[in-house]
Amino acid sequence: TLNIKVSVLGYVKYPGRYIIPHKSNITDLISYAGGISDDSNMDEMRIFRVNSDSTQEMLMYNYDDLWWNETLKQDIKISRMQAGDVLIVPGRPRWYWENYLTLTLSIVGVLLSLATLIVTANN
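Residues numbered from 1 in each chain as written. Predicted model: local features only at pLDDT ≥ 70, side-chain atom pairs only at ≥ 80, totals over all residues. Heavy atoms only, no water.

## A closer look at the side chain of Ser40
So, step 1. Within the element layout of this structure, Ser40 appears in the loop between helix H1 (26-32) and strand E3 (45-50).
So, step 2. Among the polar contacts made by the side chain of Ser40, one reaches the main-chain carbonyl oxygen of Ser37 at a distance of 2.9 Å.
So, step 3. Non-local contacts of Ser40, meaning those with residues more than four positions away in its chain, are made with Tyr11, Val89, Pro90, Gly91 and Arg94. (Helix = DSSP H or I, 4+ residues; strand = E, 2+ residues; numbered from the N terminus. Polar contact = N/O pair within 3.5 Å; in protein donor to acceptor, adjacent residues only side chain to side chain. Contact = heavy atoms within 4.5 Å.)

## Some words on the sheet that holds strand E4 (residues 56-61)
So, step 1. What the 5 strands build is an open sheet, ordered E2-E1-E5-E3-E4; its pairing is mixed. Single-partner strands in this sheet number two, and they are strand E2 (16-21) and E4. The sheet shows a mean angle of 25° between the axes of neighbouring strands, taken without regard to direction.
So, step 2. Where E3 meets E4, 6 bridges bridge the pair, whose relative direction is antiparallel. Within the sheet, the bridge partner assigned to Ile47 lies in E4 and is Leu59. (Pairing = 2+ DSSP bridges. Axes fitted to C-alpha atoms, helices over the stretch in contact; angles between N-to-C directions.)

## As for the pairing of E2
So, step 1. Alignment of strand E1 (residues 3-10) against E2, held across 6 bridges, turns out to be antiparallel. Among the inter-strand pairings, Asn3 is bridged to a residue of E2, identified as Pro21.

## Here's the deal with the pairing of E1
In regular strands, side chains alternate between the two faces of the sheet.
So, step 1. The antiparallel pairing of E1 with E2 creates a hairpin that spans 5 residues between the two strands.
So, step 2. With 4 bridges connecting them, E1 and strand E5 (residues 86-89) associate as parallel partners. Looking at the pairing, Gly10 lines up with Val89 of E5.

## Quick word on the environment of Asn51
So, step 1. You can see Asn51 is positioned in the loop between E3 and E4.
So, step 2. Look at Asn51 and you get partly exposed, because its relative accessible area is 22%.
So, step 3. In sequence terms Asn51 and Gln82 are 31 residues apart; their C-alpha atoms lie 9.3 Å from each other.
So, step 4. One polar contact links Asn51 to Glu57, side chain to side chain, over a distance of 3.3 Å. (Buried < 20%, exposed > 50% of the residue type's maximum accessible area, 1.4 Å probe, protein only.)

## Quick notes on the nonpolar core
So, step 1. Judged by nonpolar contacts, the single largest core of 20 residues is most densely connected at Ile26, Leu29, Met45, Met81 and Leu87.
So, step 2. Of all the secondary structure elements, the ones that give two or more residues to this core are E1, E2, H1, E3, E4 and E5.
So, step 3. In this structure, Leu29 is in contact with Val6, Ser7, Val8, Tyr18, Ile20, Met81 and Leu87, ignoring residues within four places of it in sequence. (Core = buried A, V, L, I, M, F, W, Y, C linked by side-chain atoms within 4.5 Å.)

## Some thoughts on the side chain of Asp39
So, step 1. Within the secondary structure, Asp39 sits in the loop between H1 and E3.
So, step 2. Residue classification places Asp39 among the buried positions, given a relative accessible area of 19%.
So, step 3. Not counting the four nearest positions on each side in its chain, Asp39 is found in contact with Tyr11, Pro90, Gly91, Arg92, Pro93, Arg94 and Tyr96.

As structure tokens, then:
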């Protein structure tokens, strides 16, 4: 089969440039890239594409329903990738309870150290 070169950027396990079969779609490409991370925003995925007439376009996709929900809220058109496409999976780091616990314990540890230093210096 014919292969094309595409890129994946953002919150996937293995971002980078891939050579994939020309009939691959977005979900295939995400699978090749190791899957999405917990920090990704699947409702704001974008494909940056340069057309054959040198015009550029940005295609927006919302795959949140497809990945996380049991039923679809909207019709999802699964687009095929074209040569040179760049898939962008946006996101931001999320804080979990372990992160808050670590931050809190660090602050408490510093405050206890300062209190011990002050008490020791006064004696």
